[in-house]
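Overview (structure and organization)
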Amino acid sequence: MRQPTVVISGTGLYQPPHIITNAELVEAFNAYADLQNAHHATAIAAGERAPMTHSSVEFIEKASGIKQRYVIEKDGVLDPTRMYPRFRQRPDGELSVMAEIAVDAARKALAAAGKTPADVDAVYCASANMQRAYPAMAVEIQQALGAGGYGFDMNVACSSATFAIEQAVNAVRAGSANCVLVVNPEITSAHLEWRDRDCHFIFGDVCTAVVIENADTATATEQWEIVGTKLATQFSNNIRNNFGFMNRAEDSDPLARDKTFMQEGRKVFKEVVPMAAAHIEAHLATFKYQPADVRRFWLHQANLGMNQFIIKKLVGADLSGTVGADLAPLILDEYANTASAGSIIAFHAHKADLKAGDLGVICSFGAGYSVGSVIVKKLTLP
Ligand SMILES: CC(C)(COP(=O)(O)OP(=O)(O)OC[C@H]1O[C@@H](n2cnc3c(N)ncnc32)[C@H](O)[C@@H]1OP(=O)(O)O)[C@@H](O)C(=O)NCCC(=O)NCCS
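These lines cover the structure that appears in this document, whether it is placed above or below. (Residues numbered from 1 in each chain as written. Predicted model: local features only at pLDDT ≥ 70, side-chain atom pairs only at ≥ 80, totals over all residues. Heavy atoms only, no water.)

Description of the nonpolar core
The biggest cluster of nonpolar side chains holds 51 residues, and the ones touching the most others in it are Ile280, Phe297, Leu299, Ile310, Val361 and Phe365. Looking at this core, the elements with two or more residues in it are helix 1 (22–39), helix 8 (265–286), strand 11 (296–299), helix 9 (304–315), strand 12 (359–366) and strand 13 (370–378). Among the elements that make up this core, the one with the highest residue count is helix 8 (8 residues). Apart from residues lying up to four places away in sequence, phenylalanine 365 is in contact with Cys158, Ser159, Val272, Ala276, His300, Met306, Asn307, Ile310, Ser370 and Val371. Counting residues in each nonpolar core, the second largest holds 37 residues, with Val6, Tyr124, Ala164 and Trp224 among its members. (Core = buried A, V, L, I, M, F, W, Y, C linked by side-chain atoms within 4.5 Å. Buried < 20%, exposed > 50% of the residue type's maximum accessible area, 1.4 Å probe, protein only. Helix = DSSP H or I, 4+ residues; strand = E, 2+ residues; numbered from the N terminus. Contact = heavy atoms within 4.5 Å.)

Here we look at the packing of aromatic side chains
In the structure shown here, the tally under the stated rule is 11 aromatic pairs. Where phenylalanine 59 meets phenylalanine 201, the ring centres are 6.1 Å apart and the plane angle is 75°; that geometry is what we call edge-to-face. Here phenylalanine 59, found in helix 3 (residues 57–64), pairs with phenylalanine 201, found in the loop between strand 6 (179–186) and strand 7 (206–214); they are 142 residues apart in sequence, far enough to count as distant. Exposure remark for phenylalanine 201: the relative accessible area of 6% places this residue in the buried category. One aromatic cluster is present, built from ring pairs that chain together Tyr124, Tyr150 and Phe152. (Phe/Tyr/Trp six-rings, centres within 6.5 Å; stacked < 30°, edge-to-face > 60°.)

Digging into the site of the ligand
Around the ligand, the structure places 22 residues, and the nearest of them are Ser55, Arg197, Gln263, Arg266 and Asn303. Within the contact set of the ligand, a nitrogen atom lies 2.9 Å away from a side-chain nitrogen or oxygen of serine 55. Serine 56 is positioned such that a nitrogen or oxygen atom in its backbone is 3.2 Å from a nitrogen atom of the ligand. Calculation on the ligand without its partners gives an accessible area of 960 Å², and the protein chains cover 73% of this total. Those elements that place two or more of their residues in the shell around the ligand are helix 3, helix 8 and strand 12. It is helix 8 that contributes the most residues to the shell around the ligand, 4 residues altogether. Its residues assigned to classes, the shell around the ligand shows 10 nonpolar, 9 polar and 3 charged. (Near = heavy atom within 4 Å. Polar contact = N/O pair within 3.5 Å; in protein donor to acceptor, adjacent residues only side chain to side chain. Areas by Shrake-Rupley, 256 points an atom, 1.4 Å probe, with all protein chains shown as cover. Nonpolar A, V, L, I, M, F, W, Y, C, P; charged D, E, K, R; others polar.)

A few points about the pattern of salt bridges
Taken as a whole, this structure holds 15 salt bridges when the rule is applied. In this structure, arginine 86 and aspartate 79 form a salt bridge, with 3.9 Å as the shortest nitrogen-oxygen distance. For aspartate 79, a relative accessible area of 22% gives the class partly exposed. The shortest N-O distance in the salt bridge between aspartate 326 and arginine 296 comes to 2.6 Å. With aspartate 326 in helix 10 (residues 322–327) and arginine 296 in strand 11, this residue pair connects regions lying 30 residues apart in the sequence. When its relative accessible area of 2% is taken as the criterion, arginine 296 is described as buried. The network of salt bridges with common partners includes Arg88, Arg90, Glu94 and Glu100. (Salt bridge = Lys/Arg side-chain N within 4 Å of Asp/Glu carboxyl O.)

A few points about the sheet that holds strand 8 (residues 224–233)
Hydrogen bonds between backbone atoms are what pair the strands of a sheet, whose relative direction is either parallel or antiparallel. Pairing within the open sheet is mixed, and its 9 strands lie in the order 5-4-6-7-1-8-13-12-11. Only two strands of the sheet have a single partner each, and these edge strands are strand 5 (150–154) and strand 11. Each neighbouring strand pair of the sheet contributes to a mean axis angle of 25°, computed without reference to strand direction. When strand 12 meets strand 13, the two strands line up antiparallel, connected through 8 bridges. (Pairing = 2+ DSSP bridges. Axes fitted to C-alpha atoms, helices over the stretch in contact; angles between N-to-C directions.)

A closer look at the packing of helix 8 against helix 9
Where helix 8 meets helix 9, the axes come as close as 9 Å, and the angle between the chain directions of the two elements is 40°. Taken together, the axes of helix 8 and helix 9 are oblique relative to one another. Two packed elements cross with a definite hand, and for helix 8 against helix 9 that hand is right-handed. Counted together, Val268, Phe269, Val272, Val273, Pro274, Ala276, Ala277, Ile280 and Glu281 of helix 8 and Gly305, Met306, Phe309, Ile310, Lys313 and Leu314 of helix 9 form the full contact between these two elements. When its residues are assigned to classes, the contact of helix 8 with helix 9 shows 12 nonpolar, 1 polar and 2 charged. (Parallel < 35°, antiparallel > 145°, perpendicular 65-115°, else oblique. Left-handed = near helix turned anticlockwise from the far one by under 90°.)

Section: the side chain of glutamate 73
Tracing the sequence through the fold places glutamate 73 in the loop between strand 3 (68–71) and helix 4 (75–78). Within the buried set, glutamate 73 has no salt-bridge partner at all; the shortest N-O distance to an opposite charge, 5.1 Å, is to arginine 86. Polar side-chain contacts of glutamate 73 include one of 3.1 Å to the backbone nitrogen of aspartate 75. There is a polar contact of 3.0 Å between the side chain of glutamate 73 and the backbone nitrogen of arginine 86. (Lys, Arg positive; Asp, Glu negative; His and termini not counted.)

What to know about helix 12 (residues 342–349)
Burial analysis of helix 12 places 6 of its 8 residues in the buried class, the great majority of the element. Of the residues making up helix 12, those classed as buried are Gly342, Ser343, Ile344, Ile345, Ala346 and Phe347.

As structure tokens, this is what we get:
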């Protein structure tokens, strides 16, 4: 039997209503640090405790390339007596926040693909954090959309989207689904430690959605053939969050530092850059492609410097110039790191100008460690 051609026929983006600029973020953090230092003045004076030091806009922009981030709730994050978002606990009968933003992005992706929820056979909710243990977020999203088939959740941290795309491709190739909706709701603001200077600037909230279907039924005016997918993992503790259902049984503090995002940023940078570059090169080689054959790389959006290094390793180009930016567009200056959604936002926002036949690579990398690449080719449509 002929293997079906599988395409991405639509993408969608939910963008939260609030922006936090670096200046606002730093002002709140510094006010928090001053309050903490005043509160612990005696211990600090006695040398029993180190004072907290201020954050700075210059450091954030130079070290990461991030200039602002979108969040669903802003006031709690910027309240120096709180420093995390404030969400109303919704009753069980009401649509959850995570499902709400997923439904918004999903509807936009379905509209772009020219599909209705009735065409969807499966919903994969792939994200770095799920709002609850069960029922699966994907099943709630499936019901809210009015889609058929089945849904399930999956988590491979920042690589959740690319890993889900491979599962969708496999389902369509195997014939168990004809049209799969992949959604990546990332409410990173709720698991970021806004009180830690080393990482308080890293994340932003967003949701992306991708429609993956059999090319035989695709009707969208723009379609991307999925040439191939390749996933890899290698265990590392350098990005870790210990929040989980065992916390209570372990009698551990649910508010302790290790129950939110933690990382060894320098180590991650050094170890993941070569891993991602080698992964992309090896994946392209299986189809006899060279990195120079690729018209655009939609890379994970964690750090400007990381992406510059990866592109330099692959094609020798400098991403700080216009050619580099065109080759691997950045969205992290506006969105910050949005975990699994980053490379998909880049693809969503920077694909329309490519020509039929152009080759591209979507690539994620992050906790696990995990790396996922998706080679796509813009289809020539009649
Ligand atoms: C997080 C990251 C931006 C930090 O940049 P960095 O250059 O490694 O910075 P470091 O953490 O080594 O800190 C450098 C110095 O700046 C200081 N610093 C840290 N945060 C600061 C802040 N907000 N404001 C001012 N100074 C700060 C540090 O204390 C350190 O000071 P020291 O040299 O006196 O010890 C960077 O490591 C990174 O992006 N890594 C990859 C992360 C990643 O991809 N994570 C997500 C998973 S996909």
